[in-house]
Amino acid sequence: MFDSGFGGLTVLRELLRHLPGADFVYLDDTAHLPYGSKSQAAVTRFTAAATKLLVGRGADLVVVACNTASALALPLLQTEASVALMGVIQPGAEAAAAAVPPGSTVLVLATEATVASHAYARACAAHGLLAVEKACPLFVPLAEEGWTDSSITTQVADVYLREALATSPALPAAVVLGCTHYPLLRPLLQGTVQGLLGSVPIVDSAEATARRAAQLLPAATSAGQRGSVLSVLATDSPTKFQRLGARFLCRELPPVEHVQLEE
Ligand code: DGL
């Protein structure tokens, strides 16, 4: 699995729970962070190179634990991949549909590139939901800096949510975290959402992604004798990932190995 940074750890947490018999390689492509403000051509290049590296490490399934890469690159790469390749947008839309009545409006918070692709609008429409999409570009650097409970992040969240609500045709019945970094801010977002919308559900794609992965790798759903092995690779300095990654994953990390993507 891979993401441009820590965000994919929110998906890894659920994968570890649902696939106790699998081994995991997490690739952190910080050299190219943020994906969310890059072009489709660039994100497709990074995604293809990350997939190639993970397949080379023996992956049976590649989880694109990044909404931006899922929106911009997955439809093309899925047609040429030599192993199963899955993203997080379909699972995110499924999680939204499970949380609200049909016909509801949902507010999707995502990166600029994901919003511009309207991948969530399409995926939600397929489940009978209207998605109001809002780009929140400052959330990724704030999460990457570990500012998950800062008053500055609260102010940023308040501005983004107010701007989104000003354009929404109806009061959203749920908030969808359409970037895998955003669940790292969930406790903080909960307060802001509660203040502006009342107690509506906040959903993300992590658990639905893990359930789908479990369907694709049924043999890995029961724990083996030795437990799962986690390897972590980073395309930029491993130091920061080592320091903050354990906090976000809520478990010790193995030494992070530096790798280079072959684009
Ligand atoms: N975590 C990624 C996502 O789900 C992208 C963050 C970024 O690199 O902009 O969209």
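In the block above lies the structure referred to throughout.
Undergrad: Is there a simple way to think about the overall build of the protein chain in this case?
TA: Across its full length, the protein chain holds 12 helices and 10 strands. The C-alpha atoms of the protein chain give 17 Å as radius of gyration, which agrees with the globular expectation for 263 residues (18 Å, within 12%). With respect to the principal axes defined by its C-alpha atoms, the protein chain has extents near 50 × 40 × 35 Å. Scored against the burial criterion, the 263 residues of the protein chain give a buried share of 56%. Roughly 11,100 Å² of accessible area belongs to the protein chain as shown, and the carbon and sulfur atoms make up 54% of that amount. With 17 positive and 22 negative side-chain charges, the protein chain shows a spacing of 2 Å between the two charge centroids.

Undergrad: Before we go on, may I ask you to explain the side chain of serine 117 in this structure?
TA: Its location among the elements puts serine 117 in helix H6 (residues 112-117). With near-sequence residues (within four places) excluded, serine 117 lies in contact with Ala71, Leu72 and Arg122.

Undergrad: Whenever I open this one, empty space enclosed by the protein confuses me. Can you help?
TA: Over the atoms, a rolling probe the size of a water molecule traces out where space has been left empty. Going through the model one piece at a time under the given rule, you end up with 1 cavity of 30 Å³ or more. In this structure, the largest cavity occupies an estimated 70 Å³ of space. Lining the largest cavity are 16 residues; nearest its centre among them are Ser4, Cys66, Thr68, Thr111 and Cys179. Along the lines of polarity and charge, the residues of the lining of the largest cavity split into 6 nonpolar, 9 polar and 1 charged.

Undergrad: What should I look at first to understand the side chain of threonine 153 in this one?
TA: Turning to its location among the elements, threonine 153 is positioned in helix H9 (residues 151-167). Within the local environment of threonine 153, its side chain forms a polar contact with the backbone oxygen of tryptophan 147, the two atoms lying 2.8 Å apart.

Undergrad: Can you help me understand the environment of alanine 116 in this one?
TA: Relative to the helices and strands, alanine 116 is located in helix H6. Alanine 116 sits in the exposed class, given a relative accessible area of 59%. Separated by 17 residues in the primary sequence, alanine 116 and glutamate 133 have C-alpha atoms spaced 8.9 Å apart.

Undergrad: So what exactly am I meant to see when it comes to the pairing of strand E5 (residues 105-110) here?
TA: A regular strand carries its side chains on alternate faces of the sheet. Burial runs high along E5: 6 of the 6 residues are buried. Bridge count between E5 and strand E6 (residues 130-135): 6 bridges; the pairing is parallel. Among the inter-strand pairings, leucine 109 is bridged to a residue of E6, identified as lysine 134. Pairing of E5 with strand E7 (residues 174-177) involves 4 bridges; the strand directions are parallel. Considered in E7, the bridge of leucine 107 is made with valine 175.

Undergrad: Help me understand the sheet that holds E6 in this model?
TA: Hydrogen bonding along the main chain pairs the strands of a sheet, whether they run parallel or antiparallel. With parallel pairing, the 4 strands of this open sheet are ordered in space as E6-E5-E7-E8. Strand pairing shows two members of the sheet lacking a second neighbour, E6 and strand E8 (202-204), which therefore form its edges. Taken over all neighbouring pairs, the strand axes of this sheet differ in orientation by 30 degrees on average, direction set aside. Lying over the sheet, helix H7 (residues 119-126) contacts E5, E6 and E7, oriented at roughly 160 degrees with respect to E6.

Undergrad: Sorry, what's going on with the nonpolar core here?
TA: The tendency in soluble globular proteins is for nonpolar side chains to be buried as a group. By size, the foremost hydrophobic cluster in this structure holds 56 residues, and its most contacted members are Leu12, Leu15, Leu109, Phe139 and Val175. Among residues more than four places away in sequence, those in contact with valine 175 are Leu107, Leu109, Val193, Leu197, Val200, Pro201, Ile202 and Val203. Membership of the second largest hydrophobic core comes to 44 residues, among which are Ala69, Val108, Ala135 and Leu261.

Undergrad: Got a minute to help me understand the packing of H9 against helix H10 (residues 186-197) in this structure?
TA: When two helices pack together, their arrangement is captured by the angle between the axes and the distance separating the axes. Viewed as axis vectors pointing N to C, H9 and H10 meet at an angle of 40 degrees, and their least axial separation amounts to 10 Å. It follows from the interaxial angle that H9 and H10 lie oblique. Once H9 is placed against H10, the crossing between them reads as right-handed. Along the contact surface, H9 presents Thr153, Thr154, Ala157, Asp158, Leu161, Arg162 and Leu165, while H10 presents Leu188, Leu189, Thr192, Val193, Leu196 and Leu197.

Undergrad: What's the story with the environment of leucine 216 in this structure? I'm lost.
TA: Inspection of the secondary structure puts leucine 216 in helix H11 (residues 206-216). The sequence separation of leucine 216 and aspartate 60 amounts to 156 residues, and the corresponding C-alpha distance is 9.6 Å. In this structure, leucine 216 is in contact with Leu61 and Met86, ignoring residues within four places of it in sequence.

Definitions and cut-offs
- Residues numbered from 1 in each chain as written.
- Predicted model: local features only at pLDDT ≥ 70, side-chain atom pairs only at ≥ 80, totals over all residues.
- Heavy atoms only, no water.
- Helix = DSSP H or I, 4+ residues; strand = E, 2+ residues; numbered from the N terminus.
- Rg over C-alpha atoms; globule rule 2.2 N^0.38 Å.
- Buried < 20%, exposed > 50% of the residue type's maximum accessible area, 1.4 Å probe, protein only.
- Areas by Shrake-Rupley, 256 points an atom, 1.4 Å probe, with all protein chains shown as cover.
- Lys, Arg positive; Asp, Glu negative; His and termini not counted.
- Charge placed at Lys NZ, Arg CZ, Asp CG, Glu CD.
- Contact = heavy atoms within 4.5 Å.
- 1 Å grid on protein atoms, 1.4 Å probe; cavity = no way out; pocket = protein on both sides within 12 Å on 5 of 7 lines; lining within 4 Å.
- Points joined across faces, edges and corners; volume = space filled by probe spheres on them.
- Nonpolar A, V, L, I, M, F, W, Y, C, P; charged D, E, K, R; others polar.
- Polar contact = N/O pair within 3.5 Å; in protein donor to acceptor, adjacent residues only side chain to side chain.
- Pairing = 2+ DSSP bridges.
- Axes fitted to C-alpha atoms, helices over the stretch in contact; angles between N-to-C directions.
- Core = buried A, V, L, I, M, F, W, Y, C linked by side-chain atoms within 4.5 Å.
- Parallel < 35°, antiparallel > 145°, perpendicular 65-115°, else oblique.
- Left-handed = near helix turned anticlockwise from the far one by under 90°.

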